[in-house]
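Descriptive analysis of the structure
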Amino acid sequence: SSLALALLLIDLEGRVLDGGAHPIAGATVRVAGLVQATTDSEGRYQLSVPHAGTYRISASRLSFARAAVDVPVREEMNPVRVPDLVLPLVDFEVPG
């Protein structure tokens, strides 16, 4: 049943920050090929994955460089706390 499937999902929780440790709202956080979420005003997000394994979590936002981390997930770790993803601001050269 769909309820049984929902109970097997493992939640991943984390934050997306800029280089000054300030939260980035509206960043897209993805688990490649599976799911994606958008960060809230505090830079927080939550995703769910279907089973244990190692997942690549990536974050991106306009004007920032992309960041990614590989996260080992075990069922007994639910929810899994993902290390903070830090997105450096991209320097744009303005023609003078």
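Residues numbered from 1 in each chain as written. Predicted model: local features only at pLDDT ≥ 70, side-chain atom pairs only at ≥ 80, totals over all residues. Heavy atoms only, no water.

Some words on the overall build of the chain
This is how the line gets drawn: Secondary structure follows DSSP: runs of H or I at least 4 residues long count as helices, runs of E at least 2 residues long count as strands, and numbering of each begins at the N terminus. Using a 1.4 Å probe on the protein chains alone, a residue whose accessible area is under 20% of its type maximum counts as buried, one over 50% counts as exposed, and one in between counts as partly exposed. Contacts were defined at the residue level, with two residues in contact if any of their heavy atoms lie within 4.5 Å. A 1.4 Å probe and the Shrake-Rupley method give the accessible areas. Residues count as covered only by the protein chains that appear here.
Along the chain, the regular secondary structure elements total one helix and eight strands. Across the 96 residues in the chain, those meeting the buried criterion constitute 30%. For the chain, restricting intrachain contacts to residue pairs at least 6 apart in sequence, the fraction spanning at least 24 positions comes to 52%. With the model as given, the accessible surface of the chain reaches about 6100 Å², and the carbon-plus-sulfur share is 55%.

Let's talk about the nonpolar core
The test is simple: We call a set of buried residues a nonpolar core when its members are Ala, Val, Leu, Ile, Met, Phe, Trp, Tyr or Cys and they connect through side-chain atoms within 4.5 Å of each other.
The biggest cluster of nonpolar side chains holds 21 residues, and the ones touching the most others in it are Leu12, Val16, Tyr45, Ile57 and Val73. Breaking this core down by element, the ones donating at least two residues are strand S1 (10–18), strand S2 (28–31), strand S4 (44–49), strand S5 (53–60), strand S6 (67–73) and strand S8 (85–87). Beyond its immediate chain neighbours, meaning those up to four positions away, Leu12 contacts Val31, Tyr45, Gln46, Leu47, Val49, Ile57, Val73, Val80 and Val82.

A look at the sheet that holds S2
Formally: Pairing between two strands is assigned when DSSP locates at least 2 bridges connecting them. An axis is simply a line fitted to the C-alpha atoms; with a helix, the fit covers only the stretch in contact. Between two such axes, the angle follows the N-to-C directions and lies from 0 to 180 degrees.
Sheet architecture is open: four strands sit in the order S3-S2-S5-S6, paired in antiparallel fashion. Every other strand in the sheet has two partners, leaving strand S3 (35–38) and S6 as the edge strands with one partner each. Neighbour to neighbour, the strand axes of the sheet diverge by 20° on average, direction disregarded. Sheet topology note: the S2/S5 ladder contains four bridges and is antiparallel. Within S5, the residue paired with Val29 across the bridge is Ala59.

So, unusual backbone geometry
Look at the link from Asn78 to Pro79: it is a cis peptide, with omega at 0°. Note on placement: Pro79 falls in the loop between S6 and strand S7 (80–81). We note that Ser63 has phi near 80°; this positive angle belongs to a residue other than glycine. Secondary-structure assignment places Ser63 in the loop between S5 and S6.

Regarding the pattern of salt bridges
As a reminder of what qualifies: Any carboxyl oxygen of Asp or Glu within 4 Å of a side-chain nitrogen of Lys or Arg constitutes a salt bridge here.
Evaluation of the coordinates by the stated rule reveals five salt bridges. Linking Asp84 and Arg81 is a salt bridge whose minimum nitrogen-to-oxygen distance equals 3.4 Å. Given a relative accessible area of 32%, Asp84 falls into the partly exposed group. A network of salt bridges, in which partner residues are shared, links Arg15, Arg81 and Asp84.

Some thoughts on the pairing of S6
Summarising the sheet, S5 and S6 pair through seven bridges and their orientation is antiparallel. Bridge pairing links Ser58 to Ala68 in S6. As consecutive antiparallel partners, S5 and S6 are separated by six residues, and within that stretch Ser63 has a phi angle of approximately 80°, a positive value.

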